[in-house]
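Okay, here's what each chain looks like letter by letter:
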There are 2 protein chains.
Amino acid sequence: MTAVTRTKWLSASEMRAWLAYITTSSDLQRAIERDLEPFGLDGGDYQLLAMLSDAPDRRMKMCDLADTLRLSRSGLTRRMEGVMRKKLVERVQSESDKRVAYAVMTKKGMNLLTKVAPHHVASVREKMIDRLSDGEIRALATAFEKIAAGLNVDH
Amino acid sequence: MTAVTRTKWLSASEMRAWLAYITTSSDLQRAIERDLEPFGLDGGDYQLLAMLSDAPDRRMKMCDLADTLRLSRSGLTRRMEGVMRKKLVERVQSESDKRVAYAVMTKKGMNLLTKVAPHHVASVREKMIDRLSDGEIRALATAFEKIAAGLNVDH
DNA sequence: CAAAAATAGTTGCGAGCGCAACTATTACGA
DNA sequence: TCGTAATAGTTGCGCTCGCAACTATTTTTG
């Protein structure tokens, strides 16, 4: 962005896309999170469990987990309190580097995720994916990949 | 969603779209809000001012404002405290219906929005719009309009 | 190798927001 | 018309989360 910003307003088409995106994305997120509530999980818990389930040995360094979840270190500490209280995840101190701790998904956590995931996928389909054409899905993927590339979320 | 959910997983293409969307949208929102901070506004303040600036007489009933901003009543009450402290918005009691209060943008609020809006638009362009082709922008608009139609955000 | 810097994680604090409960006012139904 | 229901808004409370400050460990560097 230049020092003196020469304003180039959004065209009608651009405005339509921006407004549709900005208003709908928050509604969509709420709707999908609401479908998780019956299982005693919120969106943050689910994301955490999903990340761990994909990781080798179902464990991740707190540090890396915070980055992928877009949480601050302290934010992850607090969220871990919640899932640990529910016995879905354990905290394990590293032997090699005594600074680091691992978040490790428990059997109970894995069982819960296995139970919830199909409902979550169904929810994502119902609210979003199944409403879009193949072309729209491809366009969405490339569009957000381009946007992500431009954001260079540091490191 | 049926009672017994028959899981139909996401295809590779669908998963790509979903992941790109879900990870990027949160980064995008943060990036755009960060560009507002130098002006002493956060995303919520900007949205509030933008809605008021579009309304007749730059005023809206608290109630309607809360709905369009996707805030609870109490959430709006608290957010109003902030923008009122900054003298950007005033709270005006209605004469005809003594239950309702209007949020009215002040001259100062209007001046600030006029100053900030070009930077915000530039930010939205830089982070999102200008990175997309015309086709992608059209696809995004129709895609999110379809999604919104399926969410029927009650009221 | 000692001192400085980087890294991992936790804690205190404050901001934002939703829910439930409450007050005040208006609309409605018998 | 009176009583009930609906509507508008605020307040108390709790949750999530980021920032700044802090501790505890490496890692780097002169």
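Residues numbered from 1 in each chain as written. Chains lettered and ligands numbered in written order. Predicted model: local features only at pLDDT ≥ 70, side-chain atom pairs only at ≥ 80, totals over all residues. Heavy atoms only, no water.

1. Let's talk about the relation of the copies chain B and chain A
Copy one and copy two of the chain differ by a rotation about a common axis and a shift along it.
Part 1 of the argument: Note on the identical chains: chain B maps onto chain A by a rotation of 180° and an axial translation of 0.0 Å, with an RMSD of 0.0 Å. Overall, the copies show the geometry of a two-fold rotation axis.
Part 2 of the argument: Both copies contact each other with a shared surface, as 98% of the interface residues of chain B are interface residues in chain A too. (Least-squares fit on C-alpha atoms with pLDDT ≥ 70 in both. Contact = heavy atoms within 4.5 Å.)

2. Here's the deal with the interface of chain B and chain A
Part 1 of the argument: With 56 residues of chain B at the interface, the matching set in chain A holds 56 residues.
Part 2 of the argument: With both sides pooled, the region where chain B packs onto chain A buries about 5500 Å², and carbon together with sulfur makes up 68% of that total.
Part 3 of the argument: The tally of links from chain B across to chain A stands at 8 salt bridges.
Part 4 of the argument: A salt bridge links Glu136(B) to Lys146(A); the shortest N-O distance between them is 2.9 Å.
Part 5 of the argument: Summed over the shared surface of chain B and chain A, the result is 18 residue pairs in polar contact (both at pLDDT 80 or more).
Part 6 of the argument: Of the residues assigned to the side of chain B that touches chain A, the class counts are 28 nonpolar, 14 polar and 14 charged. (Buried area = accessible area lost by both parts, 1.4 Å probe. Salt bridge = Lys/Arg side-chain N within 4 Å of Asp/Glu carboxyl O. Polar contact = N/O pair within 3.5 Å; in protein donor to acceptor, adjacent residues only side chain to side chain. Nonpolar A, V, L, I, M, F, W, Y, C, P; charged D, E, K, R; others polar.)

3. Comments concerning the pairing of strand S3 (residues 101-105) of chain A
All names here are of chain A.
Part 1 of the argument: Most of S3 is tucked away, with 4 of its 5 residues classed as buried.
Part 2 of the argument: Strand direction decides the pairing type here: strand S1 (residues 59-61) and S3, joined by 3 bridges, are antiparallel. By the bridge assignment for S3, Met60 is matched with Ala103.
Part 3 of the argument: Of the strand pairs in this sheet, strand S2 (residues 89-93) and S3 are connected by 5 bridges, and their pairing is antiparallel. In the sheet register, Glu90 faces S3, and the bridge partner there is Val104. (Buried < 20%, exposed > 50% of the residue type's maximum accessible area, 1.4 Å probe, protein only. Helix = DSSP H or I, 4+ residues; strand = E, 2+ residues; numbered from the N terminus. Pairing = 2+ DSSP bridges.)

4. Examining the sheet that holds S2(A)
The strands that make up a sheet are held in pairs by hydrogen bonds between backbone atoms, and each pair lies either parallel or antiparallel.
All names here are of chain A.
Part 1 of the argument: Read across the open sheet, the 3 strands follow the order S1-S3-S2; overall the sheet is antiparallel. Where the open sheet ends on each side, the last strands, each with one partner, are S1 and S2. Taken pair by pair, the neighbouring strands of this sheet meet at an average axis angle of 25°, ignoring direction.
Part 2 of the argument: Here helix H2 (residues 43-54) sits on the sheet and contacts S1, S2 and S3; the angle it forms with S3, its principal contact strand, is near 95°. (Axes fitted to C-alpha atoms, helices over the stretch in contact; angles between N-to-C directions.)

5. A few points about unusual backbone geometry
Residue and element names in this part refer to chain A.
Part 1 of the argument: Within the chain, Asp57 stands out as a residue other than glycine whose phi angle is a positive 60°.
Part 2 of the argument: Phi is positive for Arg58, close to 50°, though the residue is something other than glycine.
Part 3 of the argument: For Arg58, the position within the fold is in the loop between H2 and S1.
Part 4 of the argument: A residue is classified by how much of its surface remains accessible, and Arg58, at 33% relative accessible area, is partly exposed.

6. Brief notes about the protein's contact with DNA strand D
Part 1 of the argument: Around DNA strand D, 23 residues are found, and the nearest of them are Ser72(A), Ser74(A), Cys63(B), Thr77(B) and Ala101(B).
Part 2 of the argument: Sugar plus phosphate: this is where 62% of the atoms of DNA strand D within 4 Å of the protein reside.
Part 3 of the argument: Between a phosphate oxygen of DNA strand D and a side-chain N or O atom of Ser72(A), the distance comes to 2.6 Å.
Part 4 of the argument: Arg78(B) has a polar side-chain atom sitting 3.1 Å from a base oxygen of DNA strand D.
Part 5 of the argument: Counting residues per element, the ones that place at least two in the surface near DNA strand D are helix H4 (73-85) of chain A together with helix H3 (62-68) and helix H4 (73-85) of chain B.
Part 6 of the argument: The residue makeup of the surface near DNA strand D, split by class, is 5 nonpolar, 6 polar and 12 charged. (Near = heavy atom within 4 Å.)

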